[in-house]
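Report on the structure
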Amino acid sequence: MAATSQNKLLRVGVIQNGRIVEEHHVRREAVTIGHDAKNTIVLPATEGRPARFALLENTNQQFQLVIAPDMKGRVNLGSSDVDFESLRAQGLATRRGDLHVLPLPESARGKVELGDATLFFQFVTPPPDEAKPVLPTDVMVSRWKTMDRVFFGILAASLLVHFSGAALIITSETPQVAELELDELDDRFVRAIIPQRPAEAPKPADTGPAEAPKSDKPDAAPKEDTPAENKPAGDAAQQRRAEVVKKVSGKGLLKILGSNSGGGQGAFADVLGGASGGGDIAEALAGAGGVGVAREASVGASGGPRGGGTGTVTDIGAIGTQGGGKVDLGDKKETVVKGRVQDATPEIESADVDRDALARYVRARKAAIQSCYEKELKRNPRLKGKVVVRFTIKTSGRAGDIEIEENTLGSEAVGSCIRTTIRSWVFPFKPDDETAVSYPFVFAPAG
């Protein structure tokens, strides 16, 4: 049989009560029928009708009719009409299991009876392609006429300038800048980089120690210092002592205590009592612990070089505190709030879970439930009431669908804490089905 032409379309339709109620034009895809919504033609579900059946298949660019054993209909192959029974009996259709397959030429047409509806098929020539609409020549204009020429000229000039400048920068060589030597810099930059040293004062020439004039007379016996000779030495020592006292009095706390706006000896002299000068301050500090006091001996004896002696320093560890009393701060005490938790008999909706075993399991973990209650009891010491928790024991033993069935405490925090605690429990029961449990807890403060 001749193969169907590539240009032919398969027209498939459904006829009911003498009218075409559905029609399809197929080029290559298969045509399926049944009550599945993905079929080409959807039919109501009836007994014996499959959900999806390929009635017309396209194999090697040729359609072929697939005939089921209980299917009725007729096919015109160009010369005469042949029903499906004759096709099976004469061997015109190829057997494929329980089905029969009939290749269809381009002149074939036929119908298939589908109970209350009839399906027909035939090959038709496809309609010619519609020509695209073309505007009249007097209406059509070119793009150049509709373009804004002023804007286009400015845009072209701007692009030309920018691209030319970029090309010039890329192609030009990078200028080489010679590095300046230090001696080529201007004087003002040199002065800023290298600061000049300040002029040093001229040092006196060291002529060495002057030699004492020699006397031809023998050395005379040393004479005792006269009071006139001791007077200058005593004045010098007194002056050095005053300088030391002045330096010590101007340091730290001594400066504050020694300040006086009235011209007297200051607050420090008033504390020590009867102070009459800077020397009295040094004597008053002679035994102070933790303070090194410079005395005359530390700065040298009269007439000797300064710094030749040693001062007296009392160690800080030698200072002892007296008169300090003890302060009793008291002991920090924390208020302990206790509560009682009483669990009543639980309600179980299945015999797979032992009630007594469940009660023992919950009592062993009563401390966690009591902790939830005592946290809120600290805020409200009069908190008491009853909380009924409803949950299910799953087949894995874990708790699920946890809800607060009754809460007379008036505290949502306690109920939320109990739900979180029960959610972490794994019960030693594994029922066949999920078992609902209603477990009551009675809370009251410990009297």
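Residues numbered from 1 in each chain as written. Predicted model: local features only at pLDDT ≥ 70, side-chain atom pairs only at ≥ 80, totals over all residues. Heavy atoms only, no water.

1. Comments concerning the overall build of the protein
For the protein, the helix and strand inventory stands at 12 helices and 19 strands. For the protein, the proportion of its 447 residues judged to be buried stands at 26%. In the protein, 58% of the contacts between residues at least 6 apart in sequence involve partners at least 24 apart. Element-wise, carbon and sulfur atoms account for 52% of the exposed surface of the protein, whose accessible area totals about 32600 Å². (Helix = DSSP H or I, 4+ residues; strand = E, 2+ residues; numbered from the N terminus. Buried < 20%, exposed > 50% of the residue type's maximum accessible area, 1.4 Å probe, protein only. Contact = heavy atoms within 4.5 Å. Areas by Shrake-Rupley, 256 points an atom, 1.4 Å probe, with all protein chains shown as cover.)

2. Some thoughts on the environment of Asp 83
Mapped onto the elements, Asp 83 comes out in strand E8 (residues 81–83). Setting aside chain neighbours within four positions, we find Asp 83 in contact with Gly 73 and Arg 74.

3. What to know about the sheet that holds strand E3 (residues 31–34)
With mixed pairing, six strands are arranged side by side in an open sheet as E4-E3-E5-E6-E10-E9. Looking at strand neighbours, the two that pair on one side only are strand E4 (41–42) and strand E9 (94–96), the edges of this open sheet. Relative to strand E10 (residues 99–103), strand E6 (residues 62–67) runs antiparallel, the two being bridged by four bridges. Counterpart to Leu 65 in the pairing with E10 is Leu 102. (Pairing = 2+ DSSP bridges.)

4. Brief notes about the pattern of salt bridges
Within the structure shown, the criterion is met by four salt bridges. Notably, a salt bridge pairs Arg 96 with Glu 57, separated by 3.6 Å at the nearest N-O pair. Of this pair, Arg 96 sits in strand E9 while Glu 57 sits in strand E5 (residues 53–59), placing them 39 residues apart in sequence. Given a relative accessible area of 18%, Glu 57 falls into the buried group. Glu 85 is paired through a salt bridge with Arg 88; the nearest N and O atoms lie 3.2 Å apart. Taken as a pair, Glu 85 and Arg 88 lie in helix H1 (residues 84–90) at a separation of three residues, close to a single helical turn. For Arg 88, a relative accessible area of 18% puts it in the buried group. (Salt bridge = Lys/Arg side-chain N within 4 Å of Asp/Glu carboxyl O.)

5. A closer look at helix H3 (residues 149–171)
Across its 23 residues, H3 extends 33 Å between first and last C-alpha, which sits within 8% of the 33 Å expected from 1.5 Å per residue. For H3, a buried count of zero out of 23 residues is recorded, marking the element as mostly open to its surroundings. N-cap assignment for H3: the residue whose side-chain oxygen lies 3.4 Å from the backbone N of Val 150 is Asp 148. (Expected span 1.5 Å × (residues − 1). Polar contact = N/O pair within 3.5 Å; in protein donor to acceptor, adjacent residues only side chain to side chain.)

6. Re a negative patch on the surface
Together, Glu 347, Asp 352, Asp 401, Glu 403, Glu 405, Glu 406, Asp 432, Asp 433 and Glu 434 make up a negatively charged patch on the protein surface. Examined against the element boundaries, Asp 432 turns out to sit in the loop between helix H12 (412–423) and strand E19 (435–445). Note on Asp 432: relative accessible area 65%, which makes it exposed. (Patch = residues over 30% accessible without salt bridge, like charges linked within 9 Å, V, L, I, M, F, W, Y side chains within 5 Å. Lys, Arg positive; Asp, Glu negative; His and termini not counted. Charge placed at Lys NZ, Arg CZ, Asp CG, Glu CD.)

7. Observations concerning the pairing of strand E17 (residues 385–393)
Within E17, seven of the nine residues are buried, which leaves it mostly tucked inside the rest of the structure. As defined by bridge partners, E17 adjoins E19 across nine bridges and the pair is classed as antiparallel. Within E19, the position partnered with Ile 393 by the bridge is Thr 435. Two elements, E17 and strand E18 (residues 399–407), share six bridges in a ladder whose sense is antiparallel. Across the sheet, Thr 392 pairs through a bridge with Gly 400, a residue of E18.

8. Topic: the state of the cysteines
Counted by the stated rule, this structure contains one disulfide. Across the disulfide from Cys 372 sits Cys 417; the S-S distance is 2.0 Å. Across the S-S bond of Cys 372 and Cys 417 the torsion is about -60 degrees, and the bridge reads as left-handed. In this pair, Cys 372 sits in helix H11 (residues 366–377) while Cys 417 sits in helix H12, placing the two residues 45 residues apart along the sequence. The buried category is assigned to Cys 372, whose relative accessible area is 3%. (Disulfide = S-S within 2.5 Å.)

9. Observations regarding the side chain of His 100
Considering the arrangement of structural elements, one finds His 100 in strand E10. Residue classification places His 100 among the buried residues on the basis of a relative accessible area of 9%. There is a polar contact of 3.4 Å between the side chain of His 100 and the side chain of Arg 95. Residue contacts for His 100: discarding those within four places in its chain leaves Leu 65, Val 66, Ile 67, Arg 88, Ala 93, Thr 94 and Arg 95.

10. Observations concerning the sheet that holds strand E7 (residues 72–76)
Pairing is antiparallel across the open sheet formed by six strands, whose spatial order is E2-E1-E12-E11-E7-E8. Looking at which strands have only one partner, the edges of the open sheet turn out to be strand E2 (19–26) and E8. Strand after strand, the sheet turns through a mean of 20 degrees between neighbouring axes, direction not considered. Both strand E11 (residues 109–114) and strand E12 (residues 117–124) contribute to a ladder of six bridges, which runs antiparallel. What sits directly across from Arg 109, in E12, is Gln 122. (Axes fitted to C-alpha atoms, helices over the stretch in contact; angles between N-to-C directions.)

11. What about helix H10 (residues 355–363)?
Every α-helix winds through 3.6 residues per turn, so residues three or four apart in the chain are directed the same way. Taken together, the buried positions of H10 are occupied by Ala 357, Leu 358, Ala 359, Tyr 361 and Val 362. The inward-facing, buried residues of H10 contact strand E15 (339–343), strand E16 (347–348), H11, E17 and E19.

12. So, unusual backbone geometry
With glycine set apart, most residues show a phi of negative sign, and most peptide bonds adopt trans. We note that Asn 17 has phi near 55 degrees; this positive angle belongs to a residue other than glycine. When you line up the elements, Asn 17 lands in the loop between strand E1 (9–16) and E2. Positive phi, normally seen in glycine, also occurs at Asp 401, with a value near 50 degrees. Structurally, Asp 401 can be placed in strand E18.

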